[in-house]
Structure formats: structure tokens, C-alpha cells
Amino acid sequence: MHFSLPTITFIIFLPCRWIGILALYTVHKGQFNCPGGGLLHSYLLVLLILLASIICALSALVYISMQGTISNPGPRKSLPKLLYTRLLLYLPEFIWAVLGAVWVSDSSVHCEKTVINVIMGTVIASWVIIIFTIIGVVIVFDPLGGKKTFYLTDSVNRNLESSQSGQLLYNVKNTATRVWEKRIRLLCCCIVQDDDHRVAFTSIAELFRNYFSDTDLVPSDIAAGLTLLHQEQDKMESCPKEPEEVLCHSPSSLVTDDLGIELDNAAHYMLFAAAAYGWPYYIYTNPFTALCKLSGDCCGNRPTDSDITGSDRHNFHFGSILKITGLQYRDFIHISFHNKIYEIPFFVALDHKKEAIVVAVRGTLSFEDILTDLSADCEDLTLEDVLENGFVHKGITQAANYIYRKLINDGILNQAFTIAPEYKLVVVGHSLGGGTASILAIMLRNSFPALRCYAFSPPGGLLSKSLADYTKHFIVSVIVGKDLVARLSMPNMEDLKRRIVRIVANCNRPKYQILLRGCWYEVFGGDPDNFPTELDGRNQDALTQPLLAEESLMVHRSPSYNALEDESHLNSPPQYPHLYLPGKIIHVVEESSCRRLCSSDVKYTARWSTETVFSSILISPKMITDHMPDVVLKALDSLSQDRGSCISCRTQECHTNVV
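The shown structure was predicted, so the numbers you read here are calculated from the model rather than taken from an experiment.

Draft legend 1. Here's a closer look at the packing of helix H7 (residues 219-237) against helix H17 (residues 490-505). Remark: H7 packs on H17, axes separated minimally by 9 Å, with the N-to-C direction vectors making an angle of 90°. One finds that H7 runs roughly perpendicular with respect to H17. Between H7 and H17, the contacting residues are Asp221, Ile222, Ala224, Gly225, Leu226, Leu228, Leu229 and Glu232 on the first element and Leu496, Arg499, Ile500, Ile503 and Val504 on the second. Split by residue class, the contact of H7 with H17 holds 9 nonpolar, 1 polar and 3 charged.

Draft legend 2. Structural detail: the pattern of salt bridges. All told, the structure shown has 14 salt bridges when counted by the stated rule. Two residues, Glu232 and Lys235, come together in a salt bridge whose shortest N-O distance is 3.5 Å. On the criterion of helical spacing, the pair formed by Glu232 and Lys235 is a turn pair, its members being 3 residues apart in helix H7. Exposure remark for Lys235: the relative accessible area of 24% places this residue in the partly exposed category. A salt bridge links Asp495 to Arg498, with the shortest nitrogen-to-oxygen separation between them at 3.8 Å.

Draft legend 3. Seen up close, the nonpolar core. Membership of the largest hydrophobic core comes to 50 residues, with the highest contact counts inside it found for Tyr269, Phe332, Phe347, Val428, Phe456, Val588 and Leu636. The element best represented in this core is helix H8 (residues 254-275), accounting for 10 residues. With residues near it in sequence (within four places) discarded, Val428 still touches Tyr269, Phe272, Ala273, Val358, Val359, Ala360, Val361, Gly433, Ala437, Tyr454 and Phe456. Counting 44 residues, the second largest nonpolar core, distinct from the first, contains Ile357, Tyr402, Leu444 and Leu462.

Draft legend 4. Fine view of the pairing of strand S8 (residues 452-456). Within S8, 4 of the 5 residues are buried, which leaves it mostly tucked inside the rest of the structure. In this region the chain leaves strand S7 (residues 424-430), passes through helix H15 (residues 432-444) and returns to the parallel neighbour S8; the handedness of that crossover is right-handed. With 4 bridges joining them, S8 and strand S9 (residues 475-480) adopt parallel strand pairing. Within the sheet, the bridge partner assigned to Phe456 lies in S9 and is Val478. In this region the chain leaves S8, passes through helix H16 (residues 465-470) and returns to the parallel neighbour S9; the handedness of that crossover is right-handed.

Parameters at a glance
- Residues numbered from 1 in each chain as written.
- Predicted model: local features only at pLDDT ≥ 70, side-chain atom pairs only at ≥ 80, totals over all residues.
- Heavy atoms only, no water.
- Axes fitted to C-alpha atoms, helices over the stretch in contact; angles between N-to-C directions.
- Helix = DSSP H or I, 4+ residues; strand = E, 2+ residues; numbered from the N terminus.
- Parallel < 35°, antiparallel > 145°, perpendicular 65-115°, else oblique.
- Contact = heavy atoms within 4.5 Å.
- Nonpolar A, V, L, I, M, F, W, Y, C, P; charged D, E, K, R; others polar.
- Salt bridge = Lys/Arg side-chain N within 4 Å of Asp/Glu carboxyl O.
- Buried < 20%, exposed > 50% of the residue type's maximum accessible area, 1.4 Å probe, protein only.
- Core = buried A, V, L, I, M, F, W, Y, C linked by side-chain atoms within 4.5 Å.
- Right-handed = clockwise from strand over helix to strand, strands pointing away.
- Pairing = 2+ DSSP bridges.

Okay, here's the thing in C-alpha cells:
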């Protein structure tokens, strides 16, 4: 393991603190001639000596951890001794922090207020460091340690005939699950936890246990691997490629015309998907004027024509939805701001412009939504008279079931179609909302054959192949650029893990050099560094075999890891079946960017794509920003405007040819 990153952080902070305390001690040196001042004087002196010792220990840790490479820990063999030395220093640091707190609060100390405040500041700083260290240890520390080596899943090469071996394996798995469950509970300590939360915590803990149990990588190893993969990916993208079909590429193509129509529809319905986020999205996109507008317009009584459930203080959510969509109060049939795990907000409204009844589902915006996202087990979804069965994302399916029951059992859709019987049904959503909208559309399809669904940036691991093919008739997914979420699935995550292990194992540079060069590359750009990769000096047949150093970073080879060596998706392990994006896929890509002073002119292209394009996670600074709803809306609006310009140009060309 490398400890350079956390220790470098302290190395930067602690000397500054030491210098500050030394300066304060020097300035106030003559002011300790007061009752109790001797104790405070001793406290500062000992604290300076203690901090100097800690800085020396951390400096040694940084120096030793920078030696060798990620897969060659030999030069770092003295690291455990230094680490234990640093841990021992926590004891006097803790004792001295306690004594400092006692002495400062002692009523018998009658020194100047300035001196007392200075000492109190140093005591508070000591306690803050100790508390954050404890929190970090609780979250990061792996109590399994060397027991991981017993946790093997390759049943062919294991001999678990004895009950003792089987019990050992069960205990290690159970312990690992409990560790992850405690971490998740700690991170979610601010939310009310019920039975649904406990079930979700266990499910997510098992997911993390399965994913992380077979590697010996620390967060800084993963960061180094990601920056290497990004540079390797950029080198491959710089190679010439075959041209692909883009918007306006073939004016006479029916496929392109269909793409243009769907882009116009997508740009229109993305407003509804973005509006489902309520006031956070509205304030995010209008930071200077949103609060004033909402305060002025949203403090009145709620409209009686709309059925609103859930908490919406000051009517900010509903006011934001009105502002974003441009609809009137009377256009809303039902609005739900109720939010629990597997129960996400949505609204139903009448869209007179497109003559549609729109069901808009909100994306991830709370801890409960994150738990729904991470409940990534698979479950069966049976469709009578359509498909025998198909696999779907468990958490998102439960969220879709919740909305389906509200729409059908509570008569919300019946009420909407009573008002506008000639309108069509459209289901939309972004991110988690896009995935939920897709599965909800599948559930509603039999009752509403003319239904359409627009899923913006939905999660990649959503539907099995049979269901994904079935949805191509009524669902359109829109993905922008290198969106991470659209590529998230367990097989893709396993593939990313394997790529990280392989590329860091075959790199002969120290980790700190990789990270420093990677930070420079991400911030300032330039040419990708020529670090060795897994492709260097090895033929294609050899690439199917793991490197010796790679094996040292894998505690065992997980079922998904083995499956990734087989190109056939049919041989996937049942634990992580391949799940795909829903419906037909429109891939929007940034073509060029022309920046002038503070403005930017970004051009986009769009094309029909296939699910195989999203079978690998791409590393890029834009992998997160490309997922944001405002970026998706901006890209679709740009394409819709460009399409209008293209149509105008074609019309002028036709008139010129006739003349």
C-alpha cells in the first residue's frame, strides 16, 4: 500500500500549524506570568515538540511510500514500522489534547483573554484532527486484513469439503458484508432508517463486498489507474476513425429525418424531465434571479385544481416547475414531492403544445435516491403476452412499481384522460428518473399502446437484452458524450477494475509521478504521457493472460473478472447478467468548441447508436458533467436549432436548383 496522498495532505497542513503555533508562542512568550500561565506555557512547548515529531514521522512515511511502484512493494518494506510509530504518536497527541482542554477551561487560570483564545484555538484544532482521523479509520479501515486471501469464489480450484473450510469462508463473507453495511449506515446517519433502508443497506453492502473483495488496491491506486486509462484512451482516440452518420449528414435519408424529429421531441420533453428536480435545478441554472422570482411568485396559496402530495415549503418546488415548463396551474393533474427509498417524486401534466399527458419522474437528488440507485441486484420482470421474462434493475423497478400503483390504483391517469381523451401518453425522466420512466413505460405499454417514453441519461445497467429490444418500439434514450451513468453496470465496472489493475501493474513509474503528471494533464492538457501500458511489447494472445504483477494485486479472480476474458456475453456469470440501456439510443457528441473571452460556442452532432457503444466506461473530465440535466438540455436545444437551420438551407438550395 501507499500512504503518500493522506500523509502529503497532513505534511502540507501540519507544518503550517506548527509555524503558526511557534509564531503565537513567540509573540505571547512574555504573557504567561499569570496564575495558571505555567501550565499553558508547558502545553504550547510540548505541543510544538509533539507536532515536530509527527511531522518527521509523516515525512518519513511520504518518502518511503514514494519508493517502488504500485505492484512492486519491496522498497516500501519498512513502511509498517513507520506506520506503527505514527500510530503510537496518536496516544500522546490525544492525551495532550485532553489536558489542553482541561487547562484552558480551568477557572483558576487568569491570563489575558488573548492568550486564552490562542490556546483554545490550538486545542480545538487538535480535536478536529483527531476526530477526522477516527472517522477516516472507521470508514476506510478493513478489519479483514489477511483473511481476504481465504475469500475465493473460483469453486473449481477450491477445496471446501471440510465443514471447517466452508464455515471459514462463510464467516469471512459475512464479516465483509457487515463492514460495508456499517460504513453505509454511517454515511446515511442523517436519514430516518426503516425496514426498507435496512434491506437496501444489506443488498448494497453485498454488492460492494463482491466488487472489492478480490483486489488489493487503495483509493490512490485507483486514481493513478484512472489517469493512466484517460491518457491511454486519448491516445487511441487521436487515431483516425471511419466517419459516422451525423445529423444533417444525409438530407434525403429517412433515418436522419426520423432522428431530427426525435431530437425536436427530446428537446421539448427534456424541459419536463429537468423541471421534475424542482427548485434545486431552477436555482442552479438561474443563480442570481431564481430566489427573487420564486419569493415573489410562489408565496401564494397552492392551486386547488392540482393534487399535490409531499412537502413543498413556500411552494418553491411547484413554482420552479411552473417557471421551467411554462405551464399554467390548471395544466397539472398530480404532483408528488414524497420521497423515500424506492419512492421518488413525479408529476403528471397536460402538454397542450404536443397534445400529450406527460408523466415526468425526478432523478437522483437525495440519499434515498442514491440508495435506490445502488440497489442494483437483478430481478425478473414478466410481461404477459409479450415476453416470458426479463431481468431489470431491482431498485429502479421498485420505484417504477410505486409510481405505477399511484397512476393506476389512485386513478390519476383516468382523471387525465377524462380531461383530455384525445391526448397521447408520454413518460419522461432524467438519470434515475429516466430509468424509472423506462420501466414504468414497459408496465403501462399494454394499457396504452400509443405510449412514448424519452429517457435522458438513464443508467446503463437497466434491462436485459430481450427487454431492451422490446422497448425499441416506444422508448428513446438520449446520451450526451462520455456520460458515466449511461455506462454504469456491474460487468462494465468489473471491466474497469480489470483495466485499472492491468495498467497500474504494468507501469514502471512511482505512483506519485503518475498522479502529479495526471493532475497536470487534466488541468492544463497537453500530449498524453508515454507511460507503458498493457499493450506495450505484448501480442494479442498474450493479453488474455494476466500479468504476474497484476496477479499480485488480485486477491482472487472474481467470476465477472473471468467472464470479461470471454467476448461472448452468453457466458456471463448469473450474478452479474449483462443489462443494457432502454429503447433506441441517440448519442449526442460535442463536435467542436470555439472559445472567445468569456463566451463559448459548442457544436454538437447526433446519431443513432447501439448499446454496444456503451459497453465500456470512458475516463474523462466530462464523464460527470455530460450527465448533468442542464448540459443535456443545452445540447438538445443546440441540435434542435441547428436542425432548423439545416432545413432552411435545404429549402433555399431546392429553390436555387429549380430556378
